[in-house]
Amino acid sequence: MSKQHITTLLIANRGEIACRVMRTAKVMGLTTVAVHSAIDRDARHAREADIRIDLGGAKPAESYLRIEKLIAAAKASGAQAIHPGYGFLSENADFARAIEDAGLIFLGPPASAIDAMGSKSAAKALMEKAGVPLVPGYHGEAQDVETFRTAAEKIGYPVLLKATAGGGGKGMKVVEREADLAEALQSAQREAQSSFGDSRMLVEKYVLKPRHVEIQVFADQHGNCLYLNERDCSIQRRHQKVVEEAPAPGLSPELRRAMGEAAVKAAQAIGYVGAGTVEFLLDARGEFFFMEMNTRLQVEHPVTEAITCLDLVAWQIRVARGEPLPISQDQVPLNGHAIEVRLYAEDPDNDFLPATGTLDLYRESNAGPGRRVDSGVAEGDTVSPFYDPMLGKLIAWGENREEARLRLLAMLDETSVGGVRTNLAFLRRVIGHPAFAAAELDTDFIPRHEAELMRTSGELSDAFWQLAGELFVQTEPAKVRNDDSHSPWASRDGLRFGLPAQTSVHLMCNGESRQLHVSSRTEAEITHLPKAIRQGRTLYLEWKGELQAVIAYDPIAEAEASHQHQGGLTAPMNGSIVRVLVEPGQRVEAGTTLIVLEAMKMEHSIRAPQTGVVKSLFCQEGELISEGSVLVELEESA
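Residues numbered from 1 in each chain as written. Predicted model: local features only at pLDDT ≥ 70, side-chain atom pairs only at ≥ 80, totals over all residues. Heavy atoms only, no water.

Draft legend 1. Structural context of the overall build of the chain. Broken down by element type, the chain carries 18 helices and 36 strands. Over its C-alpha atoms the chain spans a radius of gyration of 27 Å, differing by no more than 12% from the 26 Å that the globule rule assigns to 638 residues. Taking the principal axes of its C-alpha atoms as reference, the chain extends roughly 90 × 65 × 55 Å. Across the 638 residues of the chain, 55% fall into the buried class. Within the structure as shown, the chain displays about 26,700 Å² of accessible surface, and the carbon and sulfur contribution to it stands at 49%. Across the chain, 67 positive and 88 negative side-chain charges occur, with their mean positions spaced 2 Å apart. (Helix = DSSP H or I, 4+ residues; strand = E, 2+ residues; numbered from the N terminus. Rg over C-alpha atoms; globule rule 2.2 N^0.38 Å. Buried < 20%, exposed > 50% of the residue type's maximum accessible area, 1.4 Å probe, protein only. Areas by Shrake-Rupley, 256 points an atom, 1.4 Å probe, with all protein chains shown as cover. Lys, Arg positive; Asp, Glu negative; His and termini not counted. Charge placed at Lys NZ, Arg CZ, Asp CG, Glu CD.)

Draft legend 2. Seen up close, the packing of helix H1 (residues 15-27) against helix H11 (residues 312-320). Here H1 crosses H11 at 65°, and the two axes come no closer than 9 Å. Considering how the two elements wind past one another, H1 and H11 form a crossing that is right-handed. For the pair H1 and H11, contact is made by Arg20, Val21, Thr24 and Ala25 and by Val313, Ala314 and Ile317, respectively. A breakdown of the residues in the contact of H1 with H11 according to their chemical character gives five nonpolar, one polar and one charged. (Axes fitted to C-alpha atoms, helices over the stretch in contact; angles between N-to-C directions. Left-handed = near helix turned anticlockwise from the far one by under 90°. Contact = heavy atoms within 4.5 Å. Nonpolar A, V, L, I, M, F, W, Y, C, P; charged D, E, K, R; others polar.)

Draft legend 3. Inspection of the environment of Ser616 at higher detail. Within the fold, Ser616 resides in strand E34 (residues 612-617). Placed 367 residues apart in sequence, Ser616 and Pro249 show a C-alpha to C-alpha distance of 55 Å.

Draft legend 4. The arrangement of unusual backbone geometry in detail. Cis rather than trans, the peptide bond between Tyr157 and Pro158 has omega equal to 0°. Each neighbour pair has its own omega, and for Ala246 with Pro247 the value is -5°, a cis peptide bond. Relative to the helices and strands, Pro247 resides in the loop between strand E12 (240-246) and helix H9 (253-269). Non-glycine residue Asn229 carries a positive phi angle of around 65°. Structurally, Asn229 is set in strand E11 (residues 225-237). In this structure, Ala439 is a non-glycine residue whose phi angle is positive, near 60°. Tracing the backbone through its elements, the reader meets Ala439 in the loop between helix H14 (434-437) and helix H15 (445-448).

Draft legend 5. Examining helix H3 (residues 67-77) more closely. Regarding H3, the residues found buried are Ile67, Leu70, Ile71, Ala73, Ala74 and Ser77. Projected down its long axis, H3 shows its buried positions confined to an angular sector of 160°, all on one face. Turned more than 90 degrees from where H3 packs its buried face, Lys75 and Ala76 sit exposed. (Arc of directions from axis to C-beta.)

Draft legend 6. Geometry of the environment of Arg372. Inspection of the secondary structure puts Arg372 in strand E20 (residues 371-375). As for Arg372 and Trp397, which are separated by 25 residues in sequence, their C-alpha atoms are 8.5 Å apart. Among residues more than four places away in sequence, those in contact with Arg372 are Arg20, Arg23, His301, Pro302, Glu305, Lys393, Leu394, Ile395 and Met411. One polar contact links Arg372 to Glu305, side chain to side chain, over a distance of 2.7 Å. A polar atom in the side chain of Arg372 sits 2.9 Å from the side chain of Asp374. (Polar contact = N/O pair within 3.5 Å; in protein donor to acceptor, adjacent residues only side chain to side chain.)

Draft legend 7. Geometry of the layout of surface pockets. Quantified by volume, the second largest pocket comes out at close to 730 Å³. Together, 36 residues line the second largest pocket, and Arg421, Glu546, Leu547, Gln548 and Ala549 are the ones closest to its centre. Contributions of two or more residues to the lining of the second largest pocket are made by helix H12 (401-414), strand E23 (416-418), helix H13 (424-432), strand E27 (538-543) and strand E28 (546-552). For the lining of the second largest pocket, the class distribution of residues is eleven nonpolar, twelve polar and 13 charged. (1 Å grid on protein atoms, 1.4 Å probe; cavity = no way out; pocket = protein on both sides within 12 Å on 5 of 7 lines; lining within 4 Å. Points joined across faces, edges and corners; volume = space filled by probe spheres on them.)

Draft legend 8. Expanded view of the packing of aromatic side chains. Within the structure shown, the criterion is met by twelve aromatic pairs. Considering the side-chain rings of Phe95 and Phe106, the 6.1 Å spacing of their centres and the 75° angle between planes classify their relative orientation as edge-to-face. Of the two residues, Phe95 is situated in helix H4 (residues 93-101) and Phe106 in strand E5 (residues 105-106); the sequence distance between them amounts to eleven residues. Under the relative-accessibility criterion, Phe95 is labelled buried at 0%. The ring centre of Phe436 lies 4.4 Å from the NZ or CZ of Arg401, which sits over that ring. (Phe/Tyr/Trp six-rings, centres within 6.5 Å; stacked < 30°, edge-to-face > 60°. Lys NZ or Arg CZ within 6 Å of the ring centre and 35° of its normal.)

Draft legend 9. Quick peek at the sheet that holds E11. Strands sit in the order E14-E13-E10-E11-E12-E15-E22-E20 across an open sheet of eight strands; the sheet is antiparallel. Looking at the sheet topology across the chains shown, the edges are occupied by strand E14 (288-294) and E20. Ignoring strand direction, the axes of neighbouring strands in this sheet form an average angle of 25°. Bridge count between E11 and E12: four bridges; the pairing is antiparallel. (Pairing = 2+ DSSP bridges.)

Draft legend 10. Molecular detail of helix H8 (residues 181-196). Helix length check: H8 (16 residues) gives 22 Å between terminal C-alpha atoms against 22 Å at 1.5 Å per residue, within 8%. The complete set of buried residues in H8 reads Leu181, Ala184, Leu185, Ser187, Ala188, Gln189, Glu191, Ala192, Ser195 and Phe196. Gly197 occupies a position one or two residues after H8 and carries a positive phi of about 70°. (Expected span 1.5 Å × (residues − 1).)

Okay, here's the thing in structure tokens:
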């Protein structure tokens, strides 16, 4: 097989994966090409590329999912190859074919393999023929609600609806009872269409308390295929992975071999090429059930790289060039232990809804041995409502699992994010939880330990406000008079003749405000000084594990500007209106879905908090709205 020529690589993605692929490409001497939507013009991946091309639009369907625009961008930039990243078109067979038809190289498997394994239904059928155990389910072509209702009754509730064309928790819904099936199916189909351009679904039994263990496979164009150990991805929220680690705790060499060989057999059966992942459910008895195969590089690939000391993106490029795999199965390393967490812009106190805004503060952990951060943002960047809310990943390696865990805790402690709500403190509680330290893992980990993991800082105490006031005054920039640089009247030290120095400040945090009278005190007098970072008029102060944003405000101006909407239901985040299900004058019961909002490729329902009558509507389908915007006014009825 002749070697393919690749000197310029286009990355058909955004965020951290685009930055990560470019990092390896540049090390290999390749020219990197970034594509971006109109609102991603100044995004980090666009800034770091050698060449950037504007796709226009905002939503994925207007930009990153436009196959013809991506092909045109590759040709215009002189790229010979396209890396799809993950998500978007990474598992789209039509995209792979279009790249091939254009005479370009796709850094992924053949389109035929994506057809076979990228579709969850087809993959399950293939695995069934290969004798791999499957979870009971329906994977057929008929997509009407009655077919799914019949299948669900046969399988038995609860059931899990899943998009056949993708993953990442998009288009996935747990249905507990028959009455919820129709609405859940419609919502999942819309999410799948929005995320992957394919609304087809499957339904299967929702297995309780399983572990999610996946096998990393890699194949070249010469018929060689091997597995690079496994990863445990059991810590999940809304079916989306939050923590991943390798190797899977407690997995025996025999079980690793059995799962690895089954994954390789499946890949070879369809002529697979490149990086892929075969996902299994593993029960307490050691029995494993095939879930799906992801025909792309996974978000969590860094933990595999950490325990094997291999660069999987470099392997992808070399395999695409026609080179054979550099090692055999018995040469695959397994050194130490690695754990990864996903840092998301989301609000744990508000059902983990995606958060948007500007990253006024963004500080990553210190570099060092066994430490890695893969991120796609920088301080000052904007988190938009149109894309996945992941900011980056923190990966820690250690000689053993506990060393890796403690190193990751230190990295989380050193990380600071302000301006946008994140799951940073939540991740710290997960990794620090005794059950996680004891490797008591399954997919119900977060619900089981919700009381401890969802612990918030609660009401801010007088001690917090006193400390905030002192640190705010201490970090105030010096005010210098041009005509007298030593004037005591320009000092910030609260000078009062005949009285102790004192400064008055009005501060606000989490919607609560205080007027504080602060006496001068040195930092040395403040014991156990917490993390405190001053950014302009905002002080970011860590309190009970959470970074609180404390700002100075003018109470008079605040009172004049305040305006409340009585009886109005507001948007919990920036997004677009997918459906408006009511009209003015309509009577609704408590819990009725009024409006469906889409943000970051996930749907969120705005429901009536009580029985009432819709008085006014302030939005329409397709409209882009901002967080806090009033959507509907509901009049409570007697």
